[in-house]
Amino acid sequence: MKKFLSIVILFALLALSLCVPMTVSASETSGEMVYCSNAEREEIWQLIQTEKPSPWEELEEAGIQIVKESITPVYTVDWTALAETGEVEVKLNVTPHISGANYYSYVAKTITAEGEYGGTYIITVFDDGRVIGYFTPSPAIDHYRYDSITGKQRSNSASCSYADHAERIRLLLNKEEIVSPYDVKYVFLVSQMAHSRGAYFYIESEQVFIPIGVTSASATEKDVRDFVLTPEDMRPQAEKDLEEYNAFLERKAAWEKEHPGETFLAVGGEGSPYSFSAAPVCSHLGNVNNIAEYLGIDMTTIPPENPIKAFLPWGGVACAIVLSVSTGLFYRKCRKEN
């Protein structure tokens, strides 16, 4: 009888394991297109609403709104691999935090109450459920239009939303139609020495990078510089950065040898980004807020599923399996005893 009960319990555990709710990480759901998948977008949207303390509440009071469809996962390029092999390795930006959790980065476009591009909302989502938001405004917002120190009009990063750049990219690549959003990634380049090399749209089929650039209320026609970069264009800078980083590691090792037990605080690195990463003022920049319609893609909202509701159908199946198996085993046992 004990053996019989053990078998029944084993089948029950196997069946019930089928109905345990699964949590999908960002690395599994991102990657189909430049924007988040529908399910991931809704999950991040819900997290933004619960962020405490929330810079978003202050933005809403100022009439700034996130364009929900524009939420975009951030990828990075393996700068070392580019330096050593010339190959482009695009990876989802997953960063370890001192708390022990990992975090993923997202960007989203915002608009003003008048519908103008308002700036970029940077979203950091931890795999333990925390979320942190940071806002970088555009010159369209009066409060941020002028630099308080220089008195000059600010230049800020252009829209992070691919739809706003689609026509510009089409013209740059001499295409008849805009590049599919399923062929685009938003990538951020950071060298080993923490030099920022800027944000780009990476066109996977073409293996080219197009700077996202900046917007400027005071820009003139001569300030506009659109260009396309290949891995060959970027490799010399990646090699210089890697060489500088290796030299830094040697200095660090030598210092630590002379100062045992002490902490090396210098971050090292000299110079600024080379010309290829200087953020240009964009041409042909749009302001598309009906992204799904413009790109012809399905961005249907998928509401978060009630875990109890989701559990019930699988729970019924599990119970049916357990009941069927246990009844069969019990019937066979009775036949043998008779």
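For the structure, check the block above.
Quick notes on the rules
Residues numbered from 1 in each chain as written. Predicted model: local features only at pLDDT ≥ 70, side-chain atom pairs only at ≥ 80, totals over all residues. Heavy atoms only, no water. Buried < 20%, exposed > 50% of the residue type's maximum accessible area, 1.4 Å probe, protein only. Helix = DSSP H or I, 4+ residues; strand = E, 2+ residues; numbered from the N terminus. Pairing = 2+ DSSP bridges. Phe/Tyr/Trp six-rings, centres within 6.5 Å; stacked < 30°, edge-to-face > 60°. Lys NZ or Arg CZ within 6 Å of the ring centre and 35° of its normal. Contact = heavy atoms within 4.5 Å. Expected span 1.5 Å × (residues − 1).

With respect to the pairing of strand S7 (residues 131-137)
For step 1, the next point in the chain: Only one face of S7 is covered, namely the one carrying Val131, Gly133, Phe135 and Pro137; the face carrying Ile132, Tyr134 and Thr136 has none of its residues buried.
For step 2, the next point in the chain: Examined bridge by bridge, strand S6 (residues 117-126) and S7 share seven bridges and lie antiparallel to one another. Residue pairing across strands places Ile123 opposite Gly133, the latter belonging to S7.
For step 3, the next point in the chain: Counted along the chain from S6 to the antiparallel partner S7, the turn is four residues long, and its residue Gly129 has a positive phi close to 100°.

Section: the packing of aromatic side chains
For step 1, the next point in the chain: Under the criterion given, the structure shown has five aromatic pairs.
For step 2, the next point in the chain: Judged by centre distance (6.0 Å) and plane angle (80°), the ring pair of Tyr186 and Phe201 falls under edge-to-face. With a gap of 15 residues between them, Tyr186 in strand S9 (residues 184-190) and Phe201 in strand S10 (residues 196-203) connect regions that are remote in the sequence. For the pair formed by Tyr186 and Phe201, the shared burial category is buried.
For step 3, the next point in the chain: Grouping aromatic residues by their ring pairs yields a cluster made of Tyr162, Tyr186 and Phe201.
For step 4, the next point in the chain: Taking the ring centre of Phe126 as reference, the NZ or CZ of Arg130 above it sits at 3.9 Å.

Here we look at the environment of Glu89
For step 1, the next point in the chain: For Glu89, the position within the fold is in the loop between helix H5 (79-85) and strand S3 (90-92).
For step 2, the next point in the chain: With 13 residues separating them along the chain, Glu89 and Thr76 place their C-alpha atoms 8.2 Å apart.
For step 3, the next point in the chain: For Glu89, the contacting residues outside a window of four places in its chain are Thr76, Val77, Asp78 and Ala81.

A closer look at helix H6 (residues 162-172)
Note: α-helices contain 3.6 residues per turn, so residues at a spacing of three or four share the same orientation.
For step 1, the next point in the chain: The element H6 is largely enclosed, with a buried count of eight among its 11 residues.
For step 2, the next point in the chain: Taken as a whole, H6 has its buried residues at Tyr162, Ala163, Asp164, His165, Ala166, Arg168, Ile169 and Arg170.

Structural notes on helix H3 (residues 38-50)
For step 1, the next point in the chain: Between its terminal C-alpha atoms H3 stretches 19 Å, which fits the 18 Å expected from 13 residues at 1.5 Å a residue.
For step 2, the next point in the chain: When H3 is considered as a whole, its buried residues turn out to be Asn38, Glu40, Arg41, Glu42, Ile44, Trp45, Leu47 and Ile48.

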